[in-house]
Amino acid sequence: MPVCSASHAAGHRTAWTDGTDEAEGAGRVSDNGTEVTAAGIARLAGVGRAAVSNWRRRHADFPRPVGGTENSPSYALAEVEAWLRGQGKLAEVPLRERVWQQLAGHPEGSTTALVRTGCVLLLLHDRHPDWLRVSAGPDERLAGLLPGALDQVLTARFGGTRPPGLTAPTAEALLPDVPLLRGAAELAAESGARQTFEFLLGRHLDANTRPYTPTPDGLAGLMADLAGPARSVLDPACGTGALLRAVASRPGQDLTGHELAGQDSVPESAALTALRLALHTRAALRAAAGDSLRADAYATLRAEAVLCHPPFNERNWGHDELAYDPRWEYGFPARTESELAWVQHALARLKDDGTAVLLMPPAAAGRRSGRRIRADLLRRGALRAVIALPAGAAPPHGIPLHLWVLRRPGRTPAGPELLLVDTGRLADGGAAPSERGRGGLDWPAVHTAVTDVWQAFDRAGTVAEQPGLSRSLPVIDLLDDDVDLTPARHLPPPAAAGGAGELTAVRERLGATLRLTADLAPAVPAPEDDAGTGSRSGHRPLTTVGELARAGALSLRTGGNGPHARVLTDHDVLAGTAPSGTLPDTGEEPVLVENGDVVVPVLGGGAVARVVDEATAGAALGRNLTLLRPDPAALDPWFLAGFLRGTAGNRRASSYASTATRLDVRRLQLPRLPLDQQRRYGTRFRALAEFEDALRLAGRLGEQLVRGLHDGLTDGTLAPD
């Protein structure tokens, strides 16, 4: 496959290569049938890749490689299934895993396979009797009749606006795909065509993390709500359609008579967007391939709303050839200001008084090379709000991205003020900066805070100041030499809201927590002797988590499926905080944690295990976590969690890659003890956990007090004496 240009993605940005990079867990179809890598075997068996490496070394009958490379061998899927089943590690390959492996191992690439599978799922969704008619009989008959049926359903849904990537393949090309297509249809019969496509698309994006820049569901929903109701919506950098899907998935709305349009520079991405939207809505759909800045497919369109997650920091965006383009109403962007080119492109495609919402890098709000364009956007009332998101809202996760809300000047007079919002303090439910992580963003809190203040500003043109969160400023106050629109530079710190009274309350709570911590500080018990266990300390009979699982004393589950409103992330487990994450809608059922479960992070190399309490129960298990559900008649959960945290055992169960440490939970060891002795240990481990929680709380309160005092002293709200 030739190299194509990078996609300008809102949902996902794609860079297609020559296919030499193998997707994680994927394989290919050869004379041996579908092949899978070690990652694919691990996914089938529900274990880490370190476990697969151990099986290869310890079991002489483990299947031999049939392809791949020395460092990344591949194995025949049929042989792997038979071996896993013979070892009691797999009762039957789940249908969804079989379909995914067939799609990932497609000889023409997983993207081609996903587009063809999506077309069949659309046929199932829109014309189920046609699928039943063509699928009856042998595979050769299905391959012969399917192209005509697919062409009919694609024409009915897209007409003459069908993107180039959506063409019905020939019968000869479809014949090898028949097992995959029948499997996808069977999976759709279980969970629905839409959910099946979302599951396969989610797996595809997870397995190809490097080429894609995703727009998380929470962010896409926020951008759609900021744009408001609209009968026509355009995304000029649509990727795989995350933003348009957020519009189509709003609950309780009827999109009959509405139009959704997207464009992406990669034809395959435009095709995936079209299929995704067709499975979600009956609105009129248009999806085009091409670079929106250089080859705009919607030059005559005037939409009521534009949503866009443009590519950041693009030097080759068309600066030289587009110098006299009529879209630059607010000034010709510098070569380094590609984002301001996308801003003006969005405004040019709006109706008068239409709204655009763009995700922007924070540098775009303050770079000197863009100050004249920012000034003109302010003077003419086109820029209405700049909203700083918490770090971790979307890649790149280390910086707080911005949302720009714009409105094309029309009949409604432009307001004289700009809304500035900074939601950084809403990350991780207000946790200290040192504890924040990309998995801990509280999207419901961010969504509510932003939409509430935007709706109030949109109605009145001004809002009351909320220190540390929001403020509306007269445009004239921002038109200085820099025209810096970074919200944090113009908002008073949150400490000013509570002043000395709030800080006094924090200090009193800190004092009470420190006293509690002192009371909870554990005494060091006497050395263990023979009376405790019947054997010398350090020489007790041991078992492993894997042996306990095979004996039925506990069950293991891995996380990462969705969607769910509360997700326990690996960051939450490490920091001891409440569930705070989100998961994409992959069409899979989430794993819900229960009271008494033990949750273990598998990445990072730390000795951590958390016992789920009543407050956490009901949350979904996040990625990179393994859940152990002990049988209470055989295992005490606190005993289990305590011994899993042992440093020596954690080292023995860890494997090391070039940049990360991965824990094979099945190899973790703990002693064989009767239940009454387990509970003795469990009582002590539970006391240690309470002490650790108190220490964490004291640290957070101490940091909050120090930060508040610094802010109060520096902004003049507190006197030094």
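All of these numbers come straight from a predicted model, not from anything done at the bench.

1. Focus: the overall build of the chain
Within the chain, the regular secondary structure consists of 24 helices and 23 strands. Accessible surface, the chain as shown: approximately 31,100 Å² in total, 51% of it carbon and sulfur.

2. Side note on the sheet that holds strand β17 (residues 598-601)
Read from one edge of the open sheet, four strands run β15-β20-β17-β18, paired in antiparallel fashion. In this open sheet, the two edge strands, each paired with only one partner strand, are β15 (554-558) and β18 (610-611). Here β17 pairs with β18 via two bridges, running antiparallel. In the sheet register, Val598 faces β18, and the bridge partner there is Val611. Sheet strands in contact with helix α22 (residues 637-644) are β15, β17, β18 and β20 (625-630), and its direction is about 15° off that of β17.

3. Concerning the sheet that holds strand β6 (residues 259-264)
One open sheet holds the nine strands; their spatial order is β7-β6-β5-β8-β9-β11-β10-β12-β13, and the pairing between them is mixed. Both edges of this open sheet fall to β7 (284-289) and β13 (470-474), since each of them pairs with a single strand only. Pairwise comparison of adjacent strand axes, ignoring direction, gives a mean angle of 15° for this sheet. Note: strand β5 (residues 232-235) against β6, four bridges, orientation parallel. Pairing of Leu234 across the sheet is with Ala261, part of β6.

4. Focus: the packing of helix α6 (residues 128-135) against helix α7 (residues 139-158)
One way to put it is that α6 packs onto α7 with a least axis distance of 8 Å and a crossing angle of 160°. Classified by the interaxial angle, the pair formed by α6 and α7 is roughly antiparallel. As for how α6 packs across α7, the hand of that crossing is right-handed. Side by side, α6 and α7 meet where Asp130, Trp131, Arg133, Val134 and Ser135 of the first sit next to Arg141, Leu142, Leu145, Leu146, Ala149 and Gln152 of the second.

5. What to know about the packing of aromatic side chains
Within the structure shown, the criterion is met by eleven aromatic pairs. A centroid spacing of 5.7 Å and a plane angle of 50° characterise the contact between Trp55 and Trp83, whose relative ring orientation is tilted. Remark: Trp83 occurs in helix α3 (residues 77-86) and Trp55 occurs in helix α2 (residues 49-58); sequence separation between them is 28 residues. The burial state of Trp55 is the same as that of Trp83; both residues are buried. Where Phe643 meets Phe685, the ring centres are 5.5 Å apart and the plane angle is 80°; that geometry is what we call edge-to-face. One end of the pair, Phe643, is in helix α22; the other, Phe685, is in helix α24 (residues 675-715), and 42 residues separate them in sequence.

6. Focus: the nonpolar core
Burial of nonpolar side chains together is a common tendency in soluble globular proteins. With 92 residues, the main nonpolar core has Trp131, Leu146, Leu166, Leu226, Leu307, Leu359 and Leu403 as its most contacted residues. Apart from residues no more than four positions distant in its own chain, Leu166 is found in contact with Val115, Cys119, Leu154, Phe158, Ala271, Ala274 and Leu275. Tyr330, Ile373, Leu377 and Trp404 belong to the second largest nonpolar core, which has 42 residues in total.

7. Re α3
For α3, the complete set of buried residues consists of Leu77, Val80, Glu81, Trp83 and Leu84. Axial view of α3: buried residues confined to an arc of 165°, hence all on one face. Along α3, exposed side chains directed more than 90 degrees from the buried face belong to Ala78 and Gly86. Just past α3, the residue Gly88 takes up positive phi, approximately 75°.

8. Side note on α6
Taken as a whole, α6 has its buried residues at Asp130, Trp131, Val134 and Ser135. An end-on view of α6 places all buried positions within 120° of arc, on one side of the element. Residues of α6 that are buried make contact with α5 (110-126), α7 and α9 (178-191). Trailing α6 by a residue or two, Gly137 shows a phi angle of about 100°, which is positive.

Calculation notes
Along each chain, numbering runs from 1 in the same order as the chain's sequence is written. Totals for whole chains, interfaces and linings use every residue, but because this is a predicted model, local features are given only for residues with pLDDT of at least 70 and side-chain atom pairs only at 80 or more, for both listing and counting. Only hydrogens and water are removed before side-chain values are computed, so all heavy atoms of the structure are retained for them. The way it works is that DSSP assigns letters per residue, a run of H or I at least four long becomes a helix, a run of E at least two long becomes a strand, and they are numbered from the N terminus. For the area figures, the Shrake-Rupley method with a 1.4 Å probe applies, and any residue is considered shielded solely by the protein chains shown. Strand pairing follows a simple DSSP-based rule, namely that at least 2 bridges must link the two strands. The contact rule is simple, with two residues in contact once any of their heavy atoms fall within 4.5 Å. Orientation is described by lines fitted to C-alpha atoms, with helices fitted over the stretch in contact, and by angles between N-to-C directions that extend from 0 to 180 degrees. For classification, angles of less than 35 degrees are called roughly parallel, those exceeding 145 degrees roughly antiparallel, those between 65 and 115 degrees roughly perpendicular, and all remaining angles oblique. Put simply, a crossing is left-handed when the front helix is turned counterclockwise from the back one by less than a right angle, and right-handed when it is turned clockwise. What counts as a ring pair is set by centres within 6.5 Å for rings of Phe, Tyr and Trp (its six-membered ring), and what kind of pair is set by the plane angle: stacked under 30 degrees, edge-to-face over 60, tilted for all other angles. Think of it in three bands: residues with accessible area under 20% of the maximum for their type are buried, residues over 50% are exposed, and the middle band is partly exposed, with areas taken using a 1.4 Å probe on protein chains only. Nonpolar cores were defined as sets of buried Ala, Val, Leu, Ile, Met, Phe, Trp, Tyr and Cys residues, with membership established by side-chain atoms within 4.5 Å. Read the arc as the range of directions from the helix axis to the C-beta atoms.

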